Amino acid sequence: MTDHSTRSIEIPKYIIVKPQAVEAMIAFLEMMRFGRVCFATQENILDIIPELEEVAHRKNNFLFLVQERPYLNRLMTTVEIIHTEKPDALVGVGGGSVLDTVKFIGHILNIPIILLPTLASNDGICSPVVSVRLDNGRSDSLRARMPFALFADTKIISDAPKKYLFAGLGDVISNITAILDWELSTQQTGEQIDYFSRILSVMSYKSLLNFKDASIDNENFVETLVDALITSGISMEYAGNSRSASGSEHMLSHAADVVFGAPFLHGHQTGFYTCVILKAYGDELYERTLQLLCDIGFFSFLPEELFDSNRFAEILRLARSIRDRYTILNTLDDNQLLKTFEDTVSEIRYALSHSDSKSKSYR
């Protein structure tokens, strides 16, 4: 368990999740009266939120355009660029690349950050970690700053391509196996659990599993998904690491990034590998999770390559070296896990062939 008496816990002072959250963020910035604000975003976001450019050039504010998929060396260069401008606060508006860049810079420069995610594709919208690409092609998680304020505009998030909402769903669902792995490590290695972090993580995935008639087109479900992603991110802050939301399923996903060259969405991979790991555990939530993901149309968005057992064998060999973290990958051999993988894929294919998947209208 993390000793909270020896470190501070950062959680957002303001969290707004609703339609028209953009207007709420602009009003918030006027109220806070920061001297100089850096607005980080991407070119396409300025088309979606045209008022952002005007706000970004008020008074002493300035605009910074973020490149896709930040590498660590590029992030360090960006830190130097932003530092010379001496901002009092950073505002990140966009998807994962923008938010991770702002969270990393805010941590290094020790200044408050305000985030407005335009996608709900992972729990990085409110977490103390960022995913960065290293020169060797692998991904790694680094410490980052939690947002001082978070504004999630559910209208913008709902209007984004549905594949991103499915990715967010997959990332929250992966907390199920992250917690199972954490509990396994406690039994086998004596690793301690932060129980408040565990409660938050479990709350996040249960809010989705228990949602009646879940649908990506349901505004209440989208809001619940965003709330779950935020709760999951905060659980990592209480844990002091990503243990509450990242286990063997994330190790497999990071390994898949290396094997495939990272063309697929992270949450699609983690959601799929969560089913494989739940099958390996023989956990009672396996069928319930499979049913939710099938009914809502999640599996129809998965690339066919993920179902290839030969590629999974490559992924499996690499996954154990991704992170020094005790998980079910330490207790089962390759043959056992390959058999589990093949059984899971067969059951997914069967479920898809016997389901009127809601995803047909999303293609």
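Residues numbered from 1 in each chain as written. Predicted model: local features only at pLDDT ≥ 70, side-chain atom pairs only at ≥ 80, totals over all residues. Heavy atoms only, no water.

Help me out: how do you make sense of the overall build of the chain in this one?
A count of helices and strands for the chain gives 15 helices and eight strands. Against the compact-globule benchmark of 21 Å for 363 residues, the chain has a radius of gyration of 20 Å, which places it among compact chains. In terms of principal-axis extent, the alpha carbons of the chain reach across some 60 × 45 × 35 Å. In the chain, buried positions account for 57% of the 363 residues. (Helix = DSSP H or I, 4+ residues; strand = E, 2+ residues; numbered from the N terminus. Rg over C-alpha atoms; globule rule 2.2 N^0.38 Å. Buried < 20%, exposed > 50% of the residue type's maximum accessible area, 1.4 Å probe, protein only.)

I would appreciate a short explanation of the layout of surface pockets in the present structure.
One simple way to see leftover space: roll a probe sized like a water molecule over the atoms. Approximately 230 Å³ is the volume attributed to the second largest pocket. Lining the second largest pocket, in full, are I26, L29, E30, R33, F34, G35, V37, F39, V55, R58, K59 and N61. Counting residues per element, the ones that place at least two in the lining of the second largest pocket are α1 (21-32) and β2 (37-41). Broken down by element, the lining of the second largest pocket gets its largest block of residues, three residues, from α1. Here the residues of the lining of the second largest pocket sort into six nonpolar, two polar and four charged. (1 Å grid on protein atoms, 1.4 Å probe; cavity = no way out; pocket = protein on both sides within 12 Å on 5 of 7 lines; lining within 4 Å. Points joined across faces, edges and corners; volume = space filled by probe spheres on them. Nonpolar A, V, L, I, M, F, W, Y, C, P; charged D, E, K, R; others polar.)

Hey, could you run me through the sheet that holds strand β8 (residues 149-153) in this one?
Pairing within the open sheet is parallel, and its six strands lie in the order β1-β8-β5-β4-β2-β3. In the strand order of this sheet, the two ends are held by β1 (14-18) and β3 (62-65), each with one partner. Sheet twist, expressed as the mean angle between neighbouring strand axes with direction ignored, is 15°. Here strand β5 (residues 113-117) runs beside β8; their pairing, made up of two bridges, is parallel. Residue pairing for β8: L115 is matched across the bridge by L150. Of the strands in this sheet, β1, β2, β4 (89-94), β5 and β8 touch α1, which is tilted by about 155° from β8. (Pairing = 2+ DSSP bridges. Axes fitted to C-alpha atoms, helices over the stretch in contact; angles between N-to-C directions. Contact = heavy atoms within 4.5 Å.)

Any chance you could explain the packing of helix α9 (residues 195-209) against helix α13 (residues 285-296) here in plain terms?
Angle between the axes and distance between the axes are the two parameters that describe a pair of packed helices. In contact at an axis separation of 10 Å, α9 and α13 are set at 60° when each is read in the N-to-C sense. In terms of their interaxial angle, α9 and α13 are classed as oblique. Contacts between α9 and α13 pair Y205, L208 and L209 from the former with L285, R288, T289 and L292 from the latter. Along the lines of polarity and charge, the residues of the contact of α9 with α13 split into five nonpolar, one polar and one charged. (Parallel < 35°, antiparallel > 145°, perpendicular 65-115°, else oblique.)

Explanation requested: unusual backbone geometry in the structure shown.
With phi around 55°, R33 is a residue other than glycine that occupies positive phi space. If you trace the backbone, R33 turns up in the loop between α1 and β2. At N110, a position not held by glycine, the phi torsion is positive, near 60°. Inspection of the secondary structure assignment puts N110 in the loop between α5 (96-109) and β5. By relative accessible area, which is 55% here, N110 ends up exposed.

What should I look at first to understand α1 in this one?
Since one α-helical turn is 3.6 residues long, residues separated by three or four positions face the same way. Here α1 contains twelve residues, and its C-alpha end-to-end distance of 16 Å stays within 8% of the 16 Å for a straight helix at 1.5 Å per residue. Every buried residue of α1 is listed here: A21, V22, M25, I26, F28 and L29. In an axial view of α1, the angular spread of the buried residues amounts to 160°, which keeps them on one side of the axis. Backbone geometry just after α1 places R33 at a positive phi near 55°. (Expected span 1.5 Å × (residues − 1). Arc of directions from axis to C-beta.)

Help me understand α13 in this model?
Between its first and last C-alpha, α13 extends 16 Å over twelve residues, near the 16 Å set by a 1.5 Å rise per residue. All buried positions along α13 are accounted for by L285, Y286, T289, L290, L292, L293, C294 and I296. For α13, the elements touching its buried residues are α7 (162-173), α8 (175-189), α9, α10 (219-239), α12 (266-281) and α15 (334-353). Following α13 by one or two positions, G297 adopts a phi angle in the positive range, close to 100°.

What should I look at first to understand the nonpolar core in this one?
Looking at soluble globular proteins, one finds that nonpolar side chains tend to be buried together. In this structure, L169, F272 and F299 are the most contacted members of the largest nonpolar core, which totals 97 residues. Among the elements that line this core, the one with the most residues is α10, at ten residues. In terms of nonpolar packing, the next biggest core, distinct from the first, is built from 23 residues, F34, V37, V91 and F151 among them. (Core = buried A, V, L, I, M, F, W, Y, C linked by side-chain atoms within 4.5 Å.)

Please clarify how the environment of P87 should be interpreted in this entry.
Relative to the helices and strands, P87 is located in the loop between α4 (72-85) and β4. Along the sequence, P87 and V37 sit 50 residues apart, while their C-alpha atoms lie 5.3 Å from each other. With residues near it in sequence (within four places) discarded, P87 still touches R36, C38, F62, I82 and I111.

It is not clear to me how the pattern of salt bridges should be interpreted in this structure. Could you clarify?
Should the charged atoms of two oppositely charged side chains come close, the side chains can pair. The final tally for this structure, using the stated rule, is 14 salt bridges. Here E237 and R143 are joined by a salt bridge, their closest N and O atoms 3.0 Å apart. With E237 in helix α10 and R143 in strand β7 (residues 139-143), this residue pair connects regions lying 94 residues apart in the sequence. For E237, a relative accessible area of 0% translates into the label buried. Looking at R143, the relative accessible area reads 34%, which means it is partly exposed. Overlapping salt bridges, with partners in common, bring together E30, E54 and R58 in one network. (Salt bridge = Lys/Arg side-chain N within 4 Å of Asp/Glu carboxyl O.)

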